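A look at the structure
Each chain, written out:
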Amino acid sequence: MTLLLTLSASAAFASPEDDYIAARDKAIADITAQESANTAIETIDAQNEKALADLQQRLATILGPLSVKDFPATGTMNIESLNASDIGYGMLDGLRYAQSDDSPSIVASTRGLTERWLKSKSAETEADFKLPTDIGAALKLDNFYTQAIGSDAAFSGTLDFSLKKPDGADMVVARLGGWTQDVGPIYDQRVVVAVVKGDRVLIAEASASPAVPKIAACDSIWAAADAAAQKTQQENQGSDQEDSSASDPANAAWEKGDADYRACMAQRLPGDPSFPALLKQAQGLADSMAGK
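For the structure given in this document, a descriptive report is provided here.

Definitions and limits used
- Residues numbered from 1 in each chain as written.
- Predicted model: local features only at pLDDT ≥ 70, side-chain atom pairs only at ≥ 80, totals over all residues.
- Heavy atoms only, no water.
- Pairing = 2+ DSSP bridges.
- Helix = DSSP H or I, 4+ residues; strand = E, 2+ residues; numbered from the N terminus.
- Buried < 20%, exposed > 50% of the residue type's maximum accessible area, 1.4 Å probe, protein only.
- Disulfide = S-S within 2.5 Å.
- 1 Å grid on protein atoms, 1.4 Å probe; cavity = no way out; pocket = protein on both sides within 12 Å on 5 of 7 lines; lining within 4 Å.
- Points joined across faces, edges and corners; volume = space filled by probe spheres on them.
- Nonpolar A, V, L, I, M, F, W, Y, C, P; charged D, E, K, R; others polar.

**Brief notes about the sheet that holds strand S2 (residues 95-98)**
- The seven strands are arranged S1-S2-S3-S7-S6-S5-S4 in an open sheet whose pairing can be described as antiparallel. The sheet is open, and its two edges are formed by strand S1 (76-77) and strand S4 (154-161), each paired on a single side.

**Things to note about the pairing of strand S3 (residues 105-110)**
- For S3, a buried count of six out of six residues is recorded, marking the element as mostly surrounded by other parts of the structure.
- Side chains Ser105, Val107 and Ser109 of S3 all project onto a buried face; the interleaved residues Ile106, Ala108 and Thr110 project onto the opposite face, where all are buried too.
- Both S2 and S3 contribute to a ladder of four bridges, which runs antiparallel. From the neighbouring strand, Arg96 faces S3, where its bridge partner is Val107.
- In textbook terms, the turn of a hairpin is the stretch between consecutive antiparallel strands, and for S2 and S3 this stretch comprises six residues.

**A closer look at the state of the cysteines**
- Within this structure, the stated rule accounts for one disulfide.
- Through a disulfide, Cys218 is tied to Cys264; the S-S separation comes to 2.1 Å. One quick way to see it: the torsion about the S-S bond of Cys218 and Cys264 is about -80 degrees, and its sign makes the bridge left-handed. Within this pair, whereas Cys218 is found in helix H7 (residues 216-237), its partner Cys264 is found in helix H8 (residues 248-268), the two being separated by 46 residues in sequence.
- For Cys218, a relative accessible area of 0% corresponds to the buried category.

**Digging into empty space enclosed by the protein**
- Taken as a whole and judged by the stated rule, the model has one cavity of 30 Å³ or more.
- As a volume, the largest cavity reaches approximately 100 Å³.
- Surrounding the largest cavity, Ser156, Thr158, Gly184, Ile186, Tyr187, Gln189, Val212, Pro213, Asp258, Tyr261, Arg262 and Met265 form its lining.
- Only S4 and H8 provide two or more residues apiece to the lining of the largest cavity.
- A per-element tally of the lining of the largest cavity places H8 first, with four residues.
- Per-class residue counts for the lining of the largest cavity are six nonpolar, four polar and two charged.

That is the geometry; function is a separate question.
Structure, rendered in structure tokens:
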């Protein structure tokens, strides 16, 4: 009898977040089992969509309506798939709010769900996927945004904005960067702002306005690195080396050129006439999310 009472009490005190995590994990396990049983992909996709709709409703109940100017009150599931074989699997548990696919967006989660998600990422064995458990530390990393709010590209930061923390906010991190599948300049730059306030974690993303200008000195750094890397690659292709290590020097040159280019942009962009407007855009997003 005592055991039954204990189990009943535990179930009674399960939080909505606990229920959400349990439902999510069960859905993932069911889909994994279906894949192992070679179930038709149409059946798996239908199961995936049904489970995502259920999780979206659970999150809507947990989060309540969003109240940020110029953003809709209701959101859609941030996680794009519960099938580990699909792009968009394993993203941050939260809802995405946007007027359209091309408009600014906000991903909202809770501190508890974000901490659970980070804990799971801290256990990753591959360095590229491993994240710290501390929210403040994670928000400063490119890999956080790649895994939390991206699906088919990696986030590459250009610089961090220094913002005034809005009243009532516990934390604010603002970054300029872009999404890419390769190294080199990203001319479609995005302003990404994360605000932690109470139990809420909000991450806004918008196209940089005005557009980030090209800076000739930085473009020259990349052009020189790209030319050197291509030359090295051509020389290695003409050698007798057959293993993959033949391309390592070229890849290293591209990666260094990419890092040097971004360092140049971070150094020179704050002196460009466009920078005050970019800083104002980031501050405005932070203030709006904090309810200022």
